[in-house]
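Chain residues, written in single-letter form:
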Amino acid sequence: MDLPHHGHRATKPRARTGPPAGDPMLFDDTSSGGPQMTNQGYYNSGYMSGPPAAGAGAGAGVGVNNLFTDPMANAAVMYGSSIANQGKDIVNKEISRFVSMNKLKYFFAVDTKYVIKKLMLLMFPYTHQDWEVRYHRDTPLPPRHDLNAPDLYIPSMAFITYLLLAGMALGIQKRFSPEVLGLCASTALVWMVIEVFAMLLSLYLLTVHSDLSTFDLIAYSGYKYVGMIFTVLCGLLFGSDGYFVALAWSSCALMYFIVRSLKMKILSSLSSDSMGAGASAKPRFRLYITMATAIFQPVIIYWLTSHLVR
Amino acid sequence: MAFTLYALIQAVILGVNAVAVLHEERFLSKIGWSVDQNVGGFGEEPGIKVQVINLVRSVRTVMRVPLIAVNAICIVLLLLFG
């Protein structure tokens, strides 16, 4: 009884400078009767230990450097980490109920070359020859291997860049406040939701059996943010004239891109099941859908950027 | 037109409520938009009107119970927070 007590008191000054290797063993043995002995140890070793060390030691029970040898703290840490793991599992399960993770991963399988070529394609699509999405045994190729495949990386990055650029443009005109940034973000999001919903509704009503999933439509709808960024930049750098020139350029490029990309998906699906006079209304409506989507893009670009470059 | 997400949610709730109120035999039959008046042929494509009728019927069937809960929550929130 005397020996552990002495050893306990003797190691107190050592614990303050740094934990010696044999220290945890000693503390494990005495920790059951620890608190009373440590208090006496602090009082008896005098004021030279100092109030802060005493406070920290009393709080942790055995001293700051030996946290994990205290079974109470150990149990608390393990309990906390198991709670965190459970929470993570629940969140993953709930998310994967609504959004299939594998499908989402397909859209983010990009690399640098694809991003660069796609950005150049979005700004200048007039020389691109082959707009077919290539398949590999019935599954579409990921964007890494096929330039024409839609991805979600560019739209999400472009959306965030557009928000930052909007904040900067408002700041330059001394109209910035955090609420305005949030309002800009939710406005852009709401318009995208409306557009995707309208596309889904029209594709359903006209029984177009294309393989355009919701994520594909989100991707095609998000490509306009690249045009918006270009337009806002030109508007900031070159004033009002630059803004309208860039608006015209990016609108034409985006309209051409959307029409060529969606034509493959929407209009080509009728070649196998069109028969007779009844099918004559169908290609017209499908063309209307494609045209309406294309015309909607410059309208939205103008609507969402004109207030930034006044 | 600055939209907030809350405006979108409100618009969606109002729209779905409007679709849920269309009664099959009291209203839709009177204007010729019920399902049994528009049974299409077997092989061919349905056409826009039949698709719309099917959509209305599916929305009504699916959203009948969740709308009760969503409307109750919306009423309570509007009363509390204006």
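Residues numbered from 1 in each chain as written. Chains lettered and ligands numbered in written order. Predicted model: local features only at pLDDT ≥ 70, side-chain atom pairs only at ≥ 80, totals over all residues. Heavy atoms only, no water.

Undergrad: Which parts of the structure should I look at to understand the packing of aromatic side chains?
TA: Two numbers describe a pair of aromatic rings. These are the distance of the centres and the angle of the planes. Residues and elements named next belong to chain A. Using the criterion set out here, one finds 15 aromatic pairs over all chains in the structure. Measuring from centroid to centroid gives 6.4 Å for Trp191 and Phe296, while their planes differ by 55°, and the two rings are tilted. In this pair, Trp191 sits in helix α9 (residues 178–205) while Phe296 sits in helix α12 (residues 281–305), placing the two residues 105 residues apart along the sequence. With relative accessibility at 14%, the residue Trp191 sits in the buried group. With centroids separated by 6.2 Å and ring planes inclined at 70°, the aromatic side chains of Tyr220 and Tyr223 adopt a geometry described as edge-to-face. (Phe/Tyr/Trp six-rings, centres within 6.5 Å; stacked < 30°, edge-to-face > 60°. Helix = DSSP H or I, 4+ residues; strand = E, 2+ residues; numbered from the N terminus. Buried < 20%, exposed > 50% of the residue type's maximum accessible area, 1.4 Å probe, protein only.)

Undergrad: Honestly, the nonpolar core in this entry has me stumped. Any pointers?
TA: Across soluble globular proteins, you tend to see nonpolar side chains buried next to one another. All names here are of chain A. Core analysis: the largest hydrophobic core is formed by 52 residues, its most contacted members being Tyr162, Tyr225, Phe257 and Leu308. Taken together, the elements giving at least two residues each to this core come down to α7 (112–123), α8 (153–172), α9, α10 (214–222), α11 (224–266) and α12. Among the elements that make up this core, the one with the highest residue count is α11 (twelve residues). If you look at the next biggest cluster of nonpolar residues, it comprises six residues, including Tyr106, Phe107, Ala149 and Leu152. (Core = buried A, V, L, I, M, F, W, Y, C linked by side-chain atoms within 4.5 Å.)

Undergrad: Just checking my understanding: could you explain the UniProt feature "transmembrane region" (unreviewed entry) in chain A for this structure?
TA: Look at the UniProt record and you will see "transmembrane region" (unreviewed entry) annotated at residues 152–173, 180–206, 226–259 and 285–304 of chain A. As annotated, residues 152–173 of chain A has a helix share of 91% and a strand share of 0%, and its two end C-alpha atoms lie 32 Å apart. (UniProt positions renumbered as here; feature names shortened; annotations may be inferred.)

Undergrad: What's the story with the pattern of salt bridges in this structure? I'm lost.
TA: Pairing between side chains becomes possible if they bear opposite charge and their charged atoms approach one another. Residue and element names in this part refer to chain A. By the definition in use, this model includes two salt bridges over all chains. With a shortest N-O distance of 3.7 Å, Asp146 and Arg134 are connected by a salt bridge. One end of the pair, Asp146, is in the loop between β2 (139–140) and α8; the other, Arg134, is in the loop between α7 and β1 (135–136), and twelve residues separate them in sequence. Using a relative accessible area of 39% as the deciding quantity, one classes Arg134 as partly exposed. For Lys224, the salt bridge identified is with Glu195, shortest N-O distance 2.6 Å. Of this pair, Lys224 sits in helix α11 while Glu195 sits in helix α9, and the two are 29 residues apart along the sequence. Judged by its relative accessible area of 3%, Lys224 falls in the buried class. Assessed through its relative accessible area of 6%, Glu195 is described here as buried. (Salt bridge = Lys/Arg side-chain N within 4 Å of Asp/Glu carboxyl O.)

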